[in-house]
Amino acid sequence: MSSGSSSAISREEVAHLARLSRLALTDEELDQYATQLDSILAHVAQVSEVAADDVPGTAHPAQLANVLRPDVVKPCLTTEQALSGAPAVEQDRFAVPQILGEEQ
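Residues numbered from 1 in each chain as written. Predicted model: local features only at pLDDT ≥ 70, side-chain atom pairs only at ≥ 80, totals over all residues. Heavy atoms only, no water.

1. Some details on a nonpolar patch on the surface
- A surface patch of nonpolar side chains, about 520 Å² in accessible area, is lined by Leu 17, Leu 20, Tyr 33, Leu 37, Ile 40 and Val 44.
- When residues in the nonpolar patch are grouped by element, the largest group, four residues, is from helix α2 (residues 27-48).
- Turning to its location among the elements, Leu 37 is positioned in helix α2. (Patch = residues over 30% accessible without salt bridge, like charges linked within 9 Å, V, L, I, M, F, W, Y side chains within 5 Å. Areas by Shrake-Rupley, 256 points an atom, 1.4 Å probe, with all protein chains shown as cover. Salt bridge = Lys/Arg side-chain N within 4 Å of Asp/Glu carboxyl O. Helix = DSSP H or I, 4+ residues; strand = E, 2+ residues; numbered from the N terminus.)

Spelled out as structure tokens, the structure:
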């Protein structure tokens, strides 16, 4: 989109989108959003003009590789040690207050 062309989105279109979205916008907000959306659409059009037919799509601009450590079994807490500081224990598990109101 060239800088001399008319706006890609009008104030009336922004008002229509606001009504569809059930947003109550002031006249100042309509003007502000029309300007901002027009700028966004102009930038999208500019990016769309880039000749990138031979460039493969990517999810990230830099090559990323996962660096994973090997799984190694290590000693851990026993059930008794893990539950030793719990305020309430039931059947070798942490007992927590019921929050969903389910009846038993």
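2. Quick look at the environment of Leu 41
- One can find Leu 41 in helix α2.
- Remark: the alpha-carbon pair of Leu 41 and Val 72, spanning 31 residues in sequence, is separated by 52 Å.

3. Examining the packing of helix α1 (residues 11-20) against α2
- Two numbers describe how α1 lies on α2: the axes approach to 9 Å, and their chain directions differ by 110°. Accordingly, the angle class assigned to the pair α1 and α2 is roughly perpendicular. Facing Arg 11, Val 14 and Ala 15 of α1, the residues of α2 in contact are Asp 27, Leu 30, Asp 31, Tyr 33, Ala 34 and Leu 37.
- Broken down by class, the residue content of the contact of α1 with α2 amounts to six nonpolar, no polar and three charged. (Axes fitted to C-alpha atoms, helices over the stretch in contact; angles between N-to-C directions. Parallel < 35°, antiparallel > 145°, perpendicular 65-115°, else oblique. Contact = heavy atoms within 4.5 Å. Nonpolar A, V, L, I, M, F, W, Y, C, P; charged D, E, K, R; others polar.)

4. Remarks on the nonpolar core
- Ile 9, Val 14, Ala 15, Leu 30 and Ala 34 together form the largest nonpolar core, which totals five residues.
- Counting only elements with at least two residues in this core, the list comes to α1 and α2. (Core = buried A, V, L, I, M, F, W, Y, C linked by side-chain atoms within 4.5 Å. Buried < 20%, exposed > 50% of the residue type's maximum accessible area, 1.4 Å probe, protein only.)

5. Topic: the pattern of salt bridges
- Tallying each qualifying case throughout the model produces two salt bridges.
- Ionic pairing is found between Arg 11 and Asp 27, a salt bridge with its closest N-O pair at 2.9 Å. Here Arg 11, found in helix α1, pairs with Asp 27, found in helix α2; they are 16 residues apart in sequence, far enough to count as distant.
- For Arg 11, a relative accessible area of 28% translates into the label partly exposed.
- We note a salt bridge from Arg 11 to Asp 31, for which the minimum N-O separation is 2.6 Å. One end of the pair, Arg 11, is in helix α1; the other, Asp 31, is in helix α2, and 20 residues separate them in sequence.
- Connected through salt bridges with shared partners, the residues Arg 11, Asp 27 and Asp 31 form a single ionic network.

6. Some words on α1
- Buried within α1 are the following residues: Val 14, Ala 15 and Ala 18. On an axial view of α1, the arc spanned by its buried residues comes to 100°, and they lie on one face. Those residues of α1 that are exposed and aimed more than 90 degrees away from the buried face are Glu 12, Arg 19 and Leu 20.
- Lining the buried residues of α1 we find α2.
- Looking one or two places after α1, you find Arg 22, whose phi comes out positive at around 60°. (Arc of directions from axis to C-beta.)

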